[in-house]
Amino acid sequence: MRPVIVFILVSLVFMSALSAQNKRVPVSHKDSVKKYLPYLTQPRRIEYPYSSEHFNTVIPIGKEGLLLVRQTDEKKNREFVWKVHQLDSSLSEVWVKDFLVSVSEDLIGYDYANGTFLLLVKNVNKRKSLGAYFIGKSDGSVVRRDIMLPIPIELTHLQVMKGGVVLAGTSADRPVVVFYDLYTERPLVLSGIYNEDSQVLGIETSEKYGVFSVLLNEVTKTKDYSISIKVYNLKGEEFYSSTLYTEPEKSLIDASTTNFRGGIQFISGTYSNRMKESSLGFYVAKVVKGNQQFIKYYPYSDLQNFYTYMQERQLKRMEQKVEKKRIKGKDIKLSYNLLIHEIIKRQNEFLLIGEAYYPRYSSPIDNTFMSRDPFGATQMTTPTVFPQDRRVFLGYEFTHALIAGFDEKGELTWDYSFGIQDILKPHLEPNIDVVVKPNYINMMYVNEHQVYSKVLNKSDSITPQLIIDVELSNLGDQLIDKQSDIEGVVRWFGSNHLVYGVQKIKGQDNNNREVYFINQLSF
């Protein structure tokens, strides 16, 4: 189960090297880049001094630019000086503002809506209050409000709407959603959610209709997991609710939903047998004003291009395993962990994107680590066995991403997989970002200061997978260390993305610098 929101593989077989079709294109060879992908450029970059003791957060706001929030080393009494930089679409600074935040407060969430940024902070010593900083985009004005909560909340989701703020999380191990009215400055705990057998999966806002949807994972009477969707207006009143009806012994693990769109919502996620956390495939459902129209299931073993990312040797090994099961008359059930993205609508189809992963463990004595193959068997790199409580959790290893298209009847129209190169994360969070255009789709991610990109025309690959270096500021700059715990790529506007992270660089003058950088990536 998970917080927020992606799809990933469980097999040691699947964690090997990148596809043989990958082509590495040095960033210094502009002609090479144009030869393979003529529309990929990095026209702009900006750097700021970096300190590992403090954070940097990028908040993209489309064509209007972005907001960069930075905690500095400067202190005034018991408060840190935070800086907010508003940059335009050319990465030029429009304004920079300072404001003070208590040393006991940490940034726990942010959002942007209607010309205002919201930064939410929590004091480690105060369980029932949050600090909300409202920052005007036009002039950088900063206003703080203290939000007093009726109950303490461990926040997992945050959405800002025109009339209020939706806060979701847990309290006493139970889910809770609070709507904070910006006009009356009063919090309201939403009804129908505080249940010990459920979990908040996501919040979807629909400004046009003045409603927001809450997605919940709940335990049914038959002891399976299912998905509930509850829709509320801006007064916190329940508009309607619906629980998806499933087939016997099918558990719905997670979910993502489309926008409200006049009461029509498509919901998609992954499912398993009974209450197992490893999924067997994904489902697609349609709900119209609380009434379920259909739900359809697609096992991973039925997908046409699920293994297209694999090398030939890996693919043959997997085909042999599948064939052995067929000969023995056994059901082919491939088991994966999936991290599901938000559903993307493109013309008359919907796109489901997920990343495959497995939890990776090691022994404190040797370097053995454990995983599971897609058929459910435990694997080790050595025959060493150690007690369960002596394992050390290393993080989540991502192996590949899946993209699937389906029509408004819930019919699967195409699918494709895209390899992910050796990404190990301490938390479950998305790595892949996607550019969706009428005639192509570009899937990309960043790892060790390189951009990995694959362009698709539905189920056909237009280009081999490309690896492009993240450009540095000056021709004579050299990257000192490619390892980085802080890097990523986020959608910006049009065909533009923002690549960000921390780099240690040796300059032309032989002086070293550590910076937080933002590069514009354009297609």
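These numbers were taken from a predicted model, which means no experiment stands behind them.

**Student:** Sorry, what's going on with the overall build of the protein chain here?
**Tutor:** Broken down by element type, the protein chain carries 2 helices and 39 strands. For the protein chain, the proportion of its 523 residues judged to be buried stands at 54%. Taken as a whole, the protein chain presents about 24000 Å² of accessible surface, with 46% of it coming from carbon and sulfur.

**Student:** Would you take a moment to explain unusual backbone geometry for this structure?
**Tutor:** Apart from glycine, the bulk of residues carry a negative phi angle, and the bulk of peptide bonds sit in the trans form. The phi dihedral of histidine 449 is positive, around 65 degrees, even though this residue is not glycine. Within the secondary structure layout, histidine 449 lies in the loop between β32 (441-447) and β33 (450-457). A relative accessible area of 3% places histidine 449 in the buried class. One non-glycine residue, asparagine 510, lies in positive phi territory at about 70 degrees. Tracing the backbone shows asparagine 510 in the loop between β38 (496-506) and β39 (512-522).

**Student:** Where do I start with a nonpolar patch on the surface in this structure?
**Tutor:** Taken together, Val392, Leu394 and Leu424 make up a surface patch of nonpolar side chains, about 210 Å² in accessible area. A residue is classified by how much of its surface remains accessible, and leucine 424, at 38% relative accessible area, is partly exposed.

**Student:** Is there a simple way to explain the pattern of salt bridges in this structure?
**Tutor:** Between side chains of opposite charge, a pair can form when the charged atoms approach closely. Taken as a whole and judged by the stated rule, the model has 14 salt bridges. Across the salt bridge formed by glutamate 47 and arginine 45, the nearest N and O atoms sit 2.9 Å from each other. Judged by its relative accessible area of 19%, arginine 45 falls in the buried class. Among the charged side chains, a network of salt bridges with common partners joins Arg45, Glu47, Asp477 and Arg513.

**Student:** Looking at this structure, how should I read the nonpolar core?
**Tutor:** When a protein is soluble and globular, its nonpolar side chains tend to lie buried together. Of all hydrophobic cores here, the largest spans 23 residues; its most connected members are Phe282, Val284, Tyr300, Leu303, Phe306, Tyr307 and Tyr336. Those elements that provide at least two residues to this core are β22 (281-288), β23 (291-299), α2 (312-327), β24 (337-340), β26 (349-362) and β29 (392-406). It is β29 that provides the largest number of residues to this core, a total of 3 residues.

**Student:** Would you take a moment to explain the packing of aromatic side chains for this structure?
**Tutor:** Aromatic ring pairs are defined here through the distance separating the ring centres and the angle between the ring planes. All chains considered together, the criterion is met by 22 aromatic pairs. Each ring, one from phenylalanine 266 and one from phenylalanine 350, has its centre 4.4 Å from the other, and the planes form 35 degrees; the classification is tilted. Highlighted residues: phenylalanine 266 in strand β21 (residues 264-273) and phenylalanine 350 in strand β26, separated in sequence by 84 residues. Among the aromatic residues, those joined into a cluster by ring pairs are Tyr357, Tyr361, Phe393, Tyr396 and Phe398.

**Student:** Would you explain the environment of methionine 161 in this entry?
**Tutor:** Summarising the element assignment, methionine 161 is placed in the loop between β11 (154-160) and β12 (164-171). For methionine 161, a relative accessible area of 2% puts it in the buried group. Expressed as a C-alpha distance, the spacing of methionine 161 and valine 211, which sit 50 residues apart in the sequence, is 9.2 Å.

**Student:** Help me understand the sheet that holds strand β9 (residues 129-136), please; the structure alone is not making it clear to me.
**Tutor:** Hydrogen bonds between backbone groups are what pair the strands of a sheet, and the pairing can be parallel or antiparallel. Across the sheet, 4 strands lie side by side as β7-β8-β9-β10; this open sheet has antiparallel pairing. Strand pairing shows two members of the sheet lacking a second neighbour, β7 (105-113) and β10 (142-148), which therefore form its edges. Strand-to-strand, the axes of this sheet are offset by a mean angle of 25 degrees, without reference to chain direction. Relative to β10, β9 runs antiparallel, the two sharing 7 bridges. Opposite serine 129, over in β10, you have methionine 148 as the bridge partner.

Basis of the calculations
Residues numbered from 1 in each chain as written. Predicted model: local features only at pLDDT ≥ 70, side-chain atom pairs only at ≥ 80, totals over all residues. Heavy atoms only, no water. Helix = DSSP H or I, 4+ residues; strand = E, 2+ residues; numbered from the N terminus. Buried < 20%, exposed > 50% of the residue type's maximum accessible area, 1.4 Å probe, protein only. Areas by Shrake-Rupley, 256 points an atom, 1.4 Å probe, with all protein chains shown as cover. Patch = residues over 30% accessible without salt bridge, like charges linked within 9 Å, V, L, I, M, F, W, Y side chains within 5 Å. Salt bridge = Lys/Arg side-chain N within 4 Å of Asp/Glu carboxyl O. Core = buried A, V, L, I, M, F, W, Y, C linked by side-chain atoms within 4.5 Å. Phe/Tyr/Trp six-rings, centres within 6.5 Å; stacked < 30°, edge-to-face > 60°. Pairing = 2+ DSSP bridges. Axes fitted to C-alpha atoms, helices over the stretch in contact; angles between N-to-C directions.

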